[in-house]
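What follows is the residue order along each chain.
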Amino acid sequence: MFVDTHLHLHDPYFDSDKLDLVVDDITKNKIVTWVQSCDLPTYEVILERCAKSDYLFPSFGVLPWYAHTYVDQFDEITKLAKEAIMLGEIGLDEKYAKDEACIPHQLPLFEIYLREAEKNNKIMNCHFRGKERESFEIVKSYKAKKIIFHGYSGDITLMKDINDAGYYYSIGPRYGEEKLKLIPDDLLILEIDVLPRDEFRVPSVVFAEIVERVAKIKGTTPEEIEALNQKNALRLINNDPNLSKMIELLNQ
Ligand SMILES: [Zn+2]
């Protein structure tokens, strides 16, 4: 079974005219999909879109780039994080911040999510770019355990500490071979992230391409990578009362 642990179904990373096609493909091919949001409006959008299929599961996040615009709404974000079944896309990122004003507010925003994850053992789909070591240390100072490094961009030496902590790595279509080879089998999960725009392909096709490429790099079969991803995703969602429907689908 395909499990896509990170997909955007909202602007500007997704063309809305493809929505029906994509939802049909996901449903028909039974791809359990963790749909990310980037701020409050996109969370609204994906909640609506996730209602279109039993295979779509919404994740609530506000990207660090927008932290300064939400300072007055941290209480609202705390409330939404509590209601959400998964958390993401969230994190820390000074490297690609378009507006420096966000920088001092990134950590307080991220800590809202860390507290919620710690309290209710929720999955955190994390975007860290630059300062990966510092980001790792911050995460580790909390008891949240279901941490995903989305498209891990840090150096190789930090990977040992991430592995020891038991955090996960989600890997997309173009992830670098060198690091991919170093990711332990039991911490690897797969993601589409953004569907291709120029040469559009539906999720079932893109995901099969990822599985095939990862299998080749890891020196195994696509079937084994598919099973590994499913097993790791299941371990992440296990015992989560918010995700009972997903657990049922993955155990079928
Ligand atoms: Zn993303």
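Quick look at the structure, then. Given the structure is predicted, the values throughout are model-derived calculations rather than measurements. (Residues numbered from 1 in each chain as written. Predicted model: local features only at pLDDT ≥ 70, side-chain atom pairs only at ≥ 80, totals over all residues. Heavy atoms only, no water.)

This part is about the coordination of the zinc ion. Protein-derived coordination of the zinc ion comes from His6 (NE2), His8 (NE2), Glu89 (OE) and Asp193 (OD), at a distance range of 2.1 to 2.6 Å. Around the zinc ion, the 4 donor atoms are arranged such that angles at the metal cover 86 to 173°; this shape is classified as irregular. When the donors of the zinc ion are listed by position in the chain, the intervening gaps give H-x1-H-x80-E-x103-D. Taken together, the positions of glutamate 89 in strand β4 (residues 87–93) and aspartate 193 in the loop between β8 (188–190) and α8 (203–218) put the pair 104 residues apart, joining distant regions of the chain. We classify glutamate 89 as buried; its relative accessible area is 4%. (Donors = N, O, S within 2.8 Å, 3.2 Å for Na, K, Ca; no water. Tetrahedral: all angles 85-135°; square planar, octahedral: opposite > 155°, others 65-115°. Helix = DSSP H or I, 4+ residues; strand = E, 2+ residues; numbered from the N terminus. Buried < 20%, exposed > 50% of the residue type's maximum accessible area, 1.4 Å probe, protein only.)

Structurally, the position occupied by glutamate 118 is in helix α4 (residues 103–120). Classification of glutamate 118 as partly exposed rests on a relative accessible area of 32%. Residues glutamate 118 and tyrosine 142, spaced 24 residues apart in sequence, show a C-alpha to C-alpha distance of 6.7 Å. Leave out the neighbours within four places in its chain, and glutamate 118 touches Tyr142, Lys143 and Ala144. At a separation of 2.5 Å, a polar atom in the side chain of glutamate 118 contacts the main-chain amide nitrogen of lysine 143. (Contact = heavy atoms within 4.5 Å. Polar contact = N/O pair within 3.5 Å; in protein donor to acceptor, adjacent residues only side chain to side chain.)

Okay, helix α3 (residues 74–83) next. Every buried residue of α3 is accounted for by Phe74, Ile77, Leu80 and Ala81. For α3, the buried positions fall inside an angular range of 120° around the axis, keeping them on one side. Away from its buried face by more than 90 degrees, α3 exposes Asp75, Lys82 and Glu83. Structurally, α3 contributes buried residues whose contacts are with α2 (40–50), β4 and α4. (Arc of directions from axis to C-beta.)

With that out of the way, let us pick up the sheet that holds β8. Strand pairing in a sheet takes place through backbone hydrogen bonds and is either antiparallel or parallel in direction. Read from one edge of the open sheet, 5 strands run β4-β5-β6-β7-β8, paired in parallel fashion. Lying at the two open borders of the sheet, with one neighbouring strand each, are β4 and β8. Taken pair by pair, the neighbouring strands of this sheet meet at an average axis angle of 35°, ignoring direction. By the bridge criterion, 3 bridges tie strand β6 (residues 147–150) to strand β7 (residues 168–171) in an arrangement that is parallel. (Pairing = 2+ DSSP bridges. Axes fitted to C-alpha atoms, helices over the stretch in contact; angles between N-to-C directions.)

Our next topic: the packing of aromatic side chains. Under the definition given, this model contains 10 aromatic pairs. Centroid distance phenylalanine 110 to phenylalanine 128: 5.5 Å. Interplanar angle 90°. Geometry classified as edge-to-face. Placement of phenylalanine 110 in helix α4 and of phenylalanine 128 in strand β5 (residues 124–129) is noted, with a sequence separation of 18 residues between them. On the accessibility criterion, phenylalanine 110 (1% relative accessible area) is buried. Overall, the relative accessible area of 2% leaves phenylalanine 128 in the buried class. The interplanar angle of 85° and the centroid separation of 5.6 Å between the aromatic rings of tyrosine 152 and tyrosine 169 together place this pair among those described as edge-to-face. Of this pair, tyrosine 152 sits in the loop between β6 and α6 (156–165) while tyrosine 169 sits in strand β7, placing them 17 residues apart in sequence. As far as burial versus exposure is concerned, tyrosine 152 and tyrosine 169 are alike and both buried. Of the aromatic side chains, those joined through ring pairs into one cluster are Phe110, Phe128, Phe136, Phe149, Tyr152, Tyr167 and Tyr169. The positively charged end of lysine 98 is found above the aromatic ring belonging to tryptophan 65, 4.6 Å away from the centroid. (Phe/Tyr/Trp six-rings, centres within 6.5 Å; stacked < 30°, edge-to-face > 60°. Lys NZ or Arg CZ within 6 Å of the ring centre and 35° of its normal.)

Any link to function would need more than the numbers given here.
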